Amino acid sequence: MSRRAVAFTGPSGSGKTTLIEKIAKKLTSQRAIVIVKHDPSDKAIFDTAGKDSDKFFKSGADVAVVSPTRTTLFTHQNRKISQIADMFGEFDLMLVEGLKILPLPRIAIFRGEIDESYLPAIQAMAIDETVDVDKYAIPPHIEIVDLNDTDAIIKWIDNHSVEI
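This write-up is about the structure you can find in this document. (Residues numbered from 1 in each chain as written. Predicted model: local features only at pLDDT ≥ 70, side-chain atom pairs only at ≥ 80, totals over all residues. Heavy atoms only, no water.)

**Focus: the overall build of the protein chain**
Part 1 of the reasoning: Scanning the protein chain from N- to C-terminus turns up four helices and nine strands.
Part 2 of the reasoning: Along the chain direction, N to C, the helices and strands of the protein chain fall in the order β-α-β-α-β-β-α-β-β-β-β-α-β.
Part 3 of the reasoning: Expressed as lengths along the three principal axes of its C-alpha atoms, the size of the protein chain is roughly 55 × 35 × 25 Å.
Part 4 of the reasoning: Per-residue burial over the protein chain gives 38% buried out of 164 residues. (Helix = DSSP H or I, 4+ residues; strand = E, 2+ residues; numbered from the N terminus. Buried < 20%, exposed > 50% of the residue type's maximum accessible area, 1.4 Å probe, protein only.)

Below you can see the structure in the form of structure tokens.
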């Protein structure tokens, strides 16, 4: 099993989560998919206040909650992508939402307009009919795929994802 990865980026509300969810749903019957979500504002909450695991985490300890169907890890440490991949173990494809600093092939999602500040960091963009590409100076190395064509995006991922 080769562990491959690709990243998604784009403005808030562009549809990154929706696209990643569509890709994951389409591929999970054939491949082991893992998803890494960047939380730059540190605002995500993964537990219920007052529950045992919440109390344990608030003590300063790292916590694993293990059940018959899943394992949840709460850690105070920032991890490198290779460490995160190791925690998942074996998988076929890692879909990363955000984390612009990672040197991964990156596809940007745009609706309505293209934020040109993303162009230096991406290799492809997924857009829909609301984007007029003729209004922008898109570098020739950036591939354009139809945001509504999940199969075309998966093909791009298969051709450009890298082993981690």
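**A few points about the side chain of E97**
Part 1 of the reasoning: Locating E97 in the fold gives a position in strand β5 (residues 93–97).
Part 2 of the reasoning: Looking at E97, its side chain comes within polar contact range of the side chain of K37, at 3.2 Å. (Polar contact = N/O pair within 3.5 Å; in protein donor to acceptor, adjacent residues only side chain to side chain.)

**Overview of the pairing of strand β3 (residues 63–66)**
Part 1 of the reasoning: Pairing analysis gives four bridges linking β3 to strand β4 (residues 71–74), with the strands arranged antiparallel. Note that in β4 the partner of V63 across the bridge is F74.
Part 2 of the reasoning: As consecutive antiparallel partners, β3 and β4 are separated by four residues. (Pairing = 2+ DSSP bridges.)

**Here we look at the packing of aromatic side chains**
Given two aromatic rings, their pairing is described by the distance between the two centres and the angle made by the two planes.
Part 1 of the reasoning: Scanning all chains against the criterion turns up two aromatic pairs.
Part 2 of the reasoning: Relative to Y118, the ring of F110 has its centre 5.7 Å away and its plane inclined at 75 degrees; by these criteria the two rings are edge-to-face.
Part 3 of the reasoning: Note on F110: relative accessible area 0%, which makes it buried. (Phe/Tyr/Trp six-rings, centres within 6.5 Å; stacked < 30°, edge-to-face > 60°.)

**A closer look at the nonpolar core**
Part 1 of the reasoning: By size, the foremost hydrophobic cluster in this structure holds 20 residues, and its most contacted members are F8, I23, L95, I107, I153 and I157.
Part 2 of the reasoning: When residues of this core are assigned to their parent elements, the largest contribution, five residues, is made by helix α1 (residues 16–27).
Part 3 of the reasoning: Those residues in contact with I107 that lie beyond four places of it in its chain are A7, F8, T9, A124, M125, A126, V145, I153 and W156. (Core = buried A, V, L, I, M, F, W, Y, C linked by side-chain atoms within 4.5 Å. Contact = heavy atoms within 4.5 Å.)

Note that every value here comes from positions in space, so none of it alone points to a role or purpose.
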